[in-house]
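# An overview of the molecular structure
Read off the chains here:
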Amino acid sequence: MNTLKYLQSNEFLLDVDLWRIFANLEELNKISRSFLKMFFETVKQHVSKSDAPMDFSSVLRTFFQGDLCQTHQIYCLNYTSAIIYLEKLRQREDFGIYLKWCEQNEQCKRLHLPELLVAPLHRLTRYPLLLNNIWKRSTDETEKSFIQSLKERVEKSIRDLEGKVKWLDNFQKFRQLQEVIIWPQIWDRDKRFFVPECLKQNLRENSSENILSSANRLLLHEGRLMLAESTRLLDVYLFLFEDFLLITKIKRNKKKYGGPDTSSIPVCPSLTPELQSFIREGGLCTVLDQPIPLDRLILKNVEPIQVTVFSLRNAFLIQHENRYQQCIAVFLLQAQTETAKKAWMSQIETAISNYITQHETKKSTAFCFPTESSEI
C-alpha cells in the first residue's frame, strides 16, 4: 500500500483506486497497534509495581468494546470485490511490474497479495478462541463474566458479518451472470412467432433480464452438458436456481479477450472455475428456452440401452410441463461422466423437493387464520 502511494505521488498508476484494494487497512492497522501499545504499557506497569494486579480487563474492554469489530466488518465486506478488482488490474503490464516488485520483498514471506489481504479475515475469526483461552485461565468470577460477554459480542459480530458477506457475494455473482447470460427476444428464439416491427418495442419493455436481478435468489448448481438434437449434440450450460432451471447455449468467442463487453469484466471468484475461464475468453450464454419452474419440471433417468442407437451415454431427460400438465418442452441431456450425471440428477431432485415443501408450507400458513377460526 505504501509503495502504491509513493508511485501515485510520482504520477504513476494514478487510475488505480487504493481503497478498492486495501479498503480501511490503515484504520485497522492503527487499532491493532494501539491495542499492542496499551498491552505492553499495562505489562510494564505491572512489572515495575509487582505488588499491583495487572489490569488486563481494561485493555480488552477498550479494544473489543470499541471500533474493532466494526472496522473489521468494513474491511471484510470489501475483500471479495478487492480480489475481483485485483484480478482485473493484473492484466496490465505496469501494475504487474509493481505487484511483482512488492511480492519479492522478504517481508511478504513469498506470499502473494491476495494471500496477504485475507489475513485480517482469519484474525477476526481467531478472536473468540483468544478470549476463550483468557476466560479459562481467569480466576476472578467478575472478570470471567466480563470476558464471556466480550466473547459473545465478537461471535455475534462474526455471525452478522457472515450473513453480509454471503449476501454481497451472491449479489456480485448475480451481477456477473446478468452480464454473461443473454436473453433473446421470443421472435428470435422461436421462428413460429411473428411480431410486426411496430409491436416489438412493446414486448421489449418486459425484460427477462430482471429475473436475475434479485440478490435473494440462490444459484444451487451449474455446469456444462450436451443437448441431443435431431442431427447433432449442442454444447449447453445449465444454471439450477432455487426456483427454476435455465438452459443456455454456449457461444464462445474465437478471439481471447476479444469481446469488449465480456472479457473486460472482472470475474467473480465464487463462480466455478469452468465458468470463470469461459467468461475470461469473452464467452456468452444465450438462453435456449424459457426458464423451467421447479414445480413444472419432470426429471427422468435414461438407461443406456434406451439410447444405444444414438451413441448417447450418461443421459437423462428433462420435461417441462405447463399448468395443465401438458408437456411443452423436452431436453435430452448428456453428461461427461456417470458421476456428473448422478450429481445433476441429485441436485435437481433435491431442489424440486425443497421448492415444493417450501411452497406448501407458505400455502398452509396463508390459509391459517386463528382469530377467525375461534370466532366461527
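What comes next concerns the included structure.

Procedures and definitions
Residues numbered from 1 in each chain as written. Predicted model: local features only at pLDDT ≥ 70, side-chain atom pairs only at ≥ 80, totals over all residues. Heavy atoms only, no water. Helix = DSSP H or I, 4+ residues; strand = E, 2+ residues; numbered from the N terminus. Core = buried A, V, L, I, M, F, W, Y, C linked by side-chain atoms within 4.5 Å. Buried < 20%, exposed > 50% of the residue type's maximum accessible area, 1.4 Å probe, protein only. Contact = heavy atoms within 4.5 Å. Phe/Tyr/Trp six-rings, centres within 6.5 Å; stacked < 30°, edge-to-face > 60°. Lys NZ or Arg CZ within 6 Å of the ring centre and 35° of its normal.

## Some points on unusual backbone geometry
One non-glycine residue, E11, lies in positive phi territory at about 65 degrees. Along the chain, E11 falls in the loop between α1 (2-9) and α2 (18-22). Of note, N314 is a non-glycine position whose phi angle comes to about 55 degrees, a positive value. Following the sequence through the fold, N314 ends up in the loop between β7 (297-301) and β8 (315-321).

## Section: the nonpolar core
With 24 residues, the main nonpolar core has L245, L297, F316, I318, L333 and I348 as its most contacted residues. Counting residues per element, the ones that place at least two in this core are β2 (219-228), β3 (233-241), β4 (244-251), β7, β8, β9 (327-334) and α13 (338-366). The leading source of residues in this core is α13, at 6 residues. Setting aside anything within four residues of it in sequence, one finds L333 in contact with L225, M226, L227, V236, L238, N314, A315, F316 and I318. Of all hydrophobic cores here, the second largest spans 22 residues; its members include F174, W183, F241 and L275.

## Focus on the packing of aromatic side chains
On inspection of all chains with the given rule, the structure shows 12 aromatic pairs. For the pair F239 and F241, a centre-to-centre distance of 6.4 Å together with 20 degrees between the ring planes defines the contact as stacked. Take F239 and F241: they sit in the same class, and that class is buried. A centroid spacing of 4.8 Å and a plane angle of 40 degrees characterise the contact between F241 and F244, whose relative ring orientation is tilted. F244 sits in the buried class, given a relative accessible area of 5%. In this structure an aromatic cluster arises from ring pairing among F35, F39, F40, F63, F64 and Y127. Lying over the aromatic face of F146, R61 brings its terminal NZ or CZ to 4.5 Å of the ring centre. In this structure, K144 packs its charged tip against the face of W135, placed 3.9 Å from the ring centre.

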